[in-house]
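# A structural walkthrough
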Amino acid sequence: MAEATSIVTLKGINKTFHRGKEPITVLESLDLDVPTGSFEALMGPSGSGKSTLLNIIAGLDRPTSGEVKVAGANLAAMSDSQLAKWRSQNIGFVFQSFNLIPVLTAAQNVELPLLLTSLSGSERTKRVQTALRVVGLEDRMHHYPRQLSGGQEQRVAIARAIVNDPKIIVADEPTGDLDRKSADDVLTLLDKLNKELGKTIFMVTHDPNAAEKASVQRKLDKGALQ
Amino acid sequence: MNIATYARRNLFRRKGRTILTILAVAVAVLIFGAIRTAVAMWNAGADEAAVDRLATRHKVSITMQLPKRYIDDVRKVPGIKAATWAVWFGGKDPKERTPFFAAFAADHNTWFDVLDEMSVPPDQLAKWKATPNGTILGDVLAKTLEVKVGDRLTINSDIYPGDWEFEVSGIYTPLRKTADRNSLVFHWDYLNNDPRNEFGKEQIGWVMSQISNASESASLSKAIDKIFDERDDQTVTMSERAFQLSFLGAFSAILTAFDLVSLVILLIMTMILANTIAMSVRERTHEYGVLRAIGFPPSYILGFILVEAVLIALVGGLVGIALTTLLINFGMGPFIEQNMAGLFPYFKTPPWVLMVALVAAGVLGGIAAIVPAIRASRHKVIDSLRRLD
């Protein structure tokens, strides 16, 4: 029953890295269900496996064992190129350090994921304008990242994350590099995307204030959800 | 925006480095162009040799002479339209206005009929034929020796002793750009009858024949040589191109060195490009991770890097071509044609050399980027995202 309404279903996830010959278990027998349309925050100490879990959900990394089903797709069965295509259609990324391309304008950064689609130039422009309007930066579309504040850069990154209308947005410490005011603006924006546009948001954060914005808060410690 | 926008914008991300790399490629193309021009111009005479002419010389060496009566035997061979002969004289200017020029004693009745790439006004040709000590020389040599038609000219030889006095009967101009404008020709009889030529009486250096059908070149060469097989002085007959290349053969070591230097220049250019691309790719590893994360497949990363490298190389190549054209065709070229006409009657970079240089730059740009591009495209996304340098 839970699977029918879950956008993310993880079962028996194990993830082990090797440092030389020594195995390091980061995630152990982890199960997780994320309901469609929820806004979840994942907290935990450094090294607890938060980012690894986020990467597995986003299709950037594969578990050592276990089943990963996200947005209806069994990620374990997909090749790297299939995963890349799947990510472009289903996942919106928000990174801690924004990760905008410095040689492209705000609009061009937002347009990047659309270059992988068959949309025409005018359709892409419309979508870019809409995404920038949603994040309140339509008037900054021709600015380069260096001409924007940190908060504005993150909002452009969020516009890039939603321009392809993904099913789920994964955010890795989205307020980690921002001052309080900019962080609040970004969190308010994520909340709006969740409540008004129905986007599922899975956010990794150290910040308790950020976590409070989420409807579900989870804690990960030593590779297991508490 | 399209995919190429990103690759293009990356070009000038590090302006100083890109400009220096472009200049390095341009200089490499310039040096490559200059060397290839020198080699091409060196070979140009042979490359543009008439296909309907055969040269017959002594089988042992060009320095050995043939009996003059051989010319009659050659002329009787079916398929031979005309034949003439000459002896190498080796010209030197007593006033040393030029260190050396080609001078021949030739058959005045037939020389300009067979060597028809040189144009002599009919009245000057007639005058030459009627003047036993008459000479005709190239327009560049005439300018160098400061003579005009009707002047008297004294030259020396590195073979025959003393002063040799001539009357300038005519000045020839070339009908094809690679023809030597720096040579002099006079009557063979004048040399043959002079007592200073007592060891070369009734001897000729080589026979130059014009044939009716160029496709019969090989069979006619064999037919000519067969006539003299049983005689004391055997011959070897070859195409004019092969004849000219046999002279150039002495310089083959220099030409081989030029070829090697050309390759080294291209190798250096590739290494400079590879270094620039490797640095850029390393700096952008994190960024490529971001692109991969948002869905760009590895082939796009490979494409971005290769396109950027090829663009840098092509821009450098175009700058190099502009420099080569400017410096060689409008600078060095005219100077060399004026001052080294004996070696290089014509010195301009052929368009194919420029094209080869540009294509080589583009291809080598791609080759230089292939390893860093493949490595970047195969990097695991999460490893790339962790790299912050």
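For every chain, the first residue of the written sequence is number 1, and numbering continues from 1 along that sequence. Lettering for chains starts from A, numbering for ligands starts from 1, and both go in the order in which the items are written. Owing to the predicted nature of the model, reporting of local features is limited to residues with pLDDT of at least 70; listing and counting of side-chain atom pairs is limited to 80 or more, with chain, interface and lining totals taken over all residues. To obtain the side-chain values, all non-hydrogen atoms of the structure were used and water was disregarded.

A few words now on a nonpolar patch on the surface. All names here are of chain B. Patch rule: a residue counts if its relative accessible area is over 30% and it has no salt bridge; like charges are joined within 9 Å, and nonpolar side chains (Val, Leu, Ile, Met, Phe, Trp, Tyr) within 5 Å. Using the Shrake-Rupley algorithm and a 1.4 Å probe, accessible areas are obtained, with residue cover drawn only from the displayed protein chains. Throughout this description, the term salt bridge denotes a Lys or Arg side-chain nitrogen within 4 Å of a carboxyl oxygen of Asp or Glu. A contiguous nonpolar patch, built from Phe12, Ile19, Leu20 and Leu23 and spanning about 380 Å² of accessible area, is present on the exposed surface. Mapped onto the elements of the fold, Ile19 is located in helix H2 (residues 15–47). Buried residues are those whose accessible area, probed at 1.4 Å on protein chains only, stays under 20% of the maximum for their type, while exposed residues exceed 50% and partly exposed ones sit between those limits. Relative accessible area serves as the criterion here: at 43%, Ile19 is assigned to the partly exposed category. Runs of E in the DSSP output that reach at least two residues are strands. Runs of H or I that reach at least four are helices, and both are numbered from the N terminus.

Let's shift gears to the domain arrangement of chain B. All names here are of chain B. For each domain, the first and last residues come from an automatic or database assignment. The domain architecture assigned to chain B consists of domain 1 (3–45 + 251–386) and domain 2 (60–233). Averaged C-alpha coordinates put domain 1 and domain 2 at centres separated by 47 Å. Residue contacts follow a heavy-atom distance rule, with two residues in contact if any of their heavy atoms lie within 4.5 Å. Each partner contributes residues to the interface: domain 1 has seven residues there, and domain 2 has nine residues. A 1.4 Å probe defines the accessible area here, and the buried area is the portion of it lost by two parts on being joined, summed over both. In total, about 670 Å² of surface goes out of reach between domain 1 and domain 2, with carbon and sulfur atoms giving 56% of it. Our count for the contact surface shared by domain 1 and domain 2 stands at zero salt bridges. The definition of a polar contact used here is a pair of N or O atoms within 3.5 Å, where within protein one atom must be able to donate a hydrogen and the other to accept one, and adjacent residues in sequence count solely through side-chain atom pairs. One can count zero residue pairs in polar contact (both at pLDDT 80 or more) joining domain 1 with domain 2.

What follows concerns the sheet that holds strand S4 (residues 65–70) of chain A. All names here are of chain A. Ordered in space as S2-S1-S4-S5, the four strands form an open sheet in which the pairing is antiparallel. The strands lining the two open edges of the sheet, one partner per strand, are strand S2 (22–35) and strand S5 (73–74). When DSSP finds two or more bridges between a pair of strands, those strands are recorded as paired. Across two bridges, the pairing between S4 and S5 is antiparallel. Each residue of the ladder has a partner; that of Val70, found in S5, is Ala73.

Another aspect to go through is empty space enclosed by the protein. Grid points spaced at 1 Å and placed over the protein atoms alone form the basis of the search, with a cavity being a set where a 1.4 Å probe fits but cannot get out and a pocket an open set showing protein on both sides within 12 Å along at least five of seven lines. Lining residues have an atom within 4 Å of a point. Grid points are joined across faces, edges and corners, and a volume is the space filled by probe spheres set on the points. Using the criterion set out here, one finds four cavities of 30 Å³ or more in the structure. In this structure, the largest cavity spans a volume of roughly 70 Å³. Lining the largest cavity are Arg87, Ser88, Ile91, Gly92, Phe93, Pro113, Arg160, Ala161 and Asn164 of chain A together with Ile294 of chain B. Among the elements of the structure, helix H3 (80–90), strand S6 (91–94) and helix H6 (150–162) of chain A are those that each provide at least two residues to the lining of the largest cavity. Broken down by element, the residue count for the lining of the largest cavity peaks at three residues, all from S6 of chain A. Amino acids outside the nonpolar list (Ala, Val, Leu, Ile, Met, Phe, Trp, Tyr, Cys, Pro) and the charged list (Asp, Glu, Lys, Arg) are all regarded as polar, and Gly is one of them. Each residue belonging to the lining of the largest cavity can be placed in one class, and the counts come to five nonpolar, three polar and two charged. Volume-wise, the second largest cavity comes out at about 50 Å³. Around the second largest cavity, the lining residues are Asn10, Leu11, Arg13, Arg14, Arg17, Thr18, Thr276, Ser280, Arg284, Glu308 and Ile312 of chain B.

Moving on, we come to the environment of Phe104 of chain B. Examined against the element boundaries, Phe104 of chain B turns out to sit in strand S5 (residues 102–106). Sequence separation of Phe104 of chain B and Gly90 of chain B is 14 residues, and the distance between their C-alpha atoms is 7.1 Å.

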